[in-house]
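One letter stands for each residue in the lines below.
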Amino acid sequence: MLQVLILVTGIALAALSWYGFSYWLRSDGDVTWHPPSSSCDLHTETCSARLGDKGSLTLTVGVDGRIESLETLPLTVTTQGMDVSAAEVDFIGRNMDMGINRFPLSATQNDDFQGQGQLGVCTLSVMPWRARVIVDTPDGRLGTWFDFDVIRS
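By convention here, each chain's residues receive numbers from 1 onward along its written sequence. Local features are withheld for residues below a pLDDT of 70 in this predicted model, meaning they are given only at 70 or higher, and side-chain atom pairs are given and counted only at 80 or more; totals for whole chains, interfaces and linings count all residues. Side-chain numbers here rest on the full set of heavy atoms in the structure, without hydrogens or water.

A. How the structure looks around the pattern of salt bridges. Put simply, a salt bridge is a Lys or Arg side-chain nitrogen that is within 4 Å of an Asp or Glu carboxyl oxygen. Within this structure, the stated rule accounts for nine salt bridges. Where Glu88 meets Arg102, a salt bridge forms, and the shortest distance between an N and an O atom there is 3.4 Å. Taken together, the residues Glu88 in strand 5 (residues 86-93) and Arg102 in strand 6 (residues 102-107) connect sequence positions 14 residues apart. When sorted by exposure, Glu88 lands in the same class as Arg102, which is buried. Helix and strand definitions follow DSSP, with helices as H or I runs of at least four residues and strands as E runs of at least two, each counted in order from the N terminus. Buried residues are those whose accessible area, probed at 1.4 Å on protein chains only, stays under 20% of the maximum for their type, while exposed residues exceed 50% and partly exposed ones sit between those limits.

Right, here's the structure in full:
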């Protein structure tokens, strides 16, 4: 019986350590979050958000039709009214830990940031996701989010 309790305690400590480690890897404690300006549908349109009085940004997921799991997602972040040195998109499960899905984007010549991302597979028939966009500015890291659902095919 003692060996079983030791095993269960070890598994619990490993799970808690992994949770803490993954939270630490997200490193978003220094981000000033701004809610999205309005609701939008990332499946079909560009989503925009105002980042306080600093400026605004838009996120475009360049897919034809609906966003699917394990599909390569072309991502574009366009900023206006602020000096941005880096941008990244972080896909997180809204009601389930889906691991780290953070994708840094590369700057283009016209002050856009582009890259690719991918969503993991989930066993739920409808998986609620959140696309968090984080930009680095001289005033610190700023972020916003856009919610969307992926239907398992």
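On we go.
B. Expanded view of the nonpolar core. Counting residues in hydrophobic clusters, the biggest one holds 32 residues, and the most contacted among them are Leu42, Leu59, Ile67, Val77, Val89, Phe91 and Phe148. Mapped onto this core, the elements with two or more residues apiece are strand 2 (47-50), strand 3 (56-61), strand 4 (73-80), strand 5, strand 6, strand 8 (126-137) and strand 9 (140-151). Looking at which element gives the most residues to this core, the answer is strand 8, with five residues. Apart from the residues within four sequence positions on either side, Ile67 is in contact with Leu42, His43, Val61, Leu73, Leu119, Phe148 and Val150. Think of a nonpolar core as a cluster: buried Ala, Val, Leu, Ile, Met, Phe, Trp, Tyr and Cys residues, connected wherever their side-chain atoms sit within 4.5 Å. The contact criterion used throughout is that any non-hydrogen atoms of two residues lie within 4.5 Å.

C. Molecular detail of the side chain of His34. Mapped onto the secondary structure, His34 falls in the loop between strand 1 (31-33) and strand 2. A distance of 3.4 Å separates a polar side-chain atom of His34 from the backbone nitrogen of Gly52. Side-chain atoms alone can form a polar contact between residues adjacent in sequence; in general such a contact is a pair of N or O atoms within 3.5 Å, and within protein one must be able to donate a hydrogen while the other accepts it.

D. Summary view of the sheet that holds strand 7 (residues 112-117). Whether two strands pair comes down to DSSP finding at least two bridges between them. Strand order across the open sheet formed by nine strands is 1-9-8-5-6-7-4-3-2, with mixed pairing between neighbours. Each of the sheet's edge strands pairs with one partner strand only, and the pair in question is strand 1 and strand 2. Averaged over all neighbouring strand pairs, the angle between strand axes comes to 25°, with direction disregarded. Note that strand 5 and strand 8 share eight bridges and pair antiparallel. When the bridges of strand 8 are listed, Ala86 appears paired with Asp136. Angular values range over 0 to 180 degrees, each being the angle between N-to-C directions of two axes fitted as lines to C-alpha atoms, with helices fitted over their stretch in contact.

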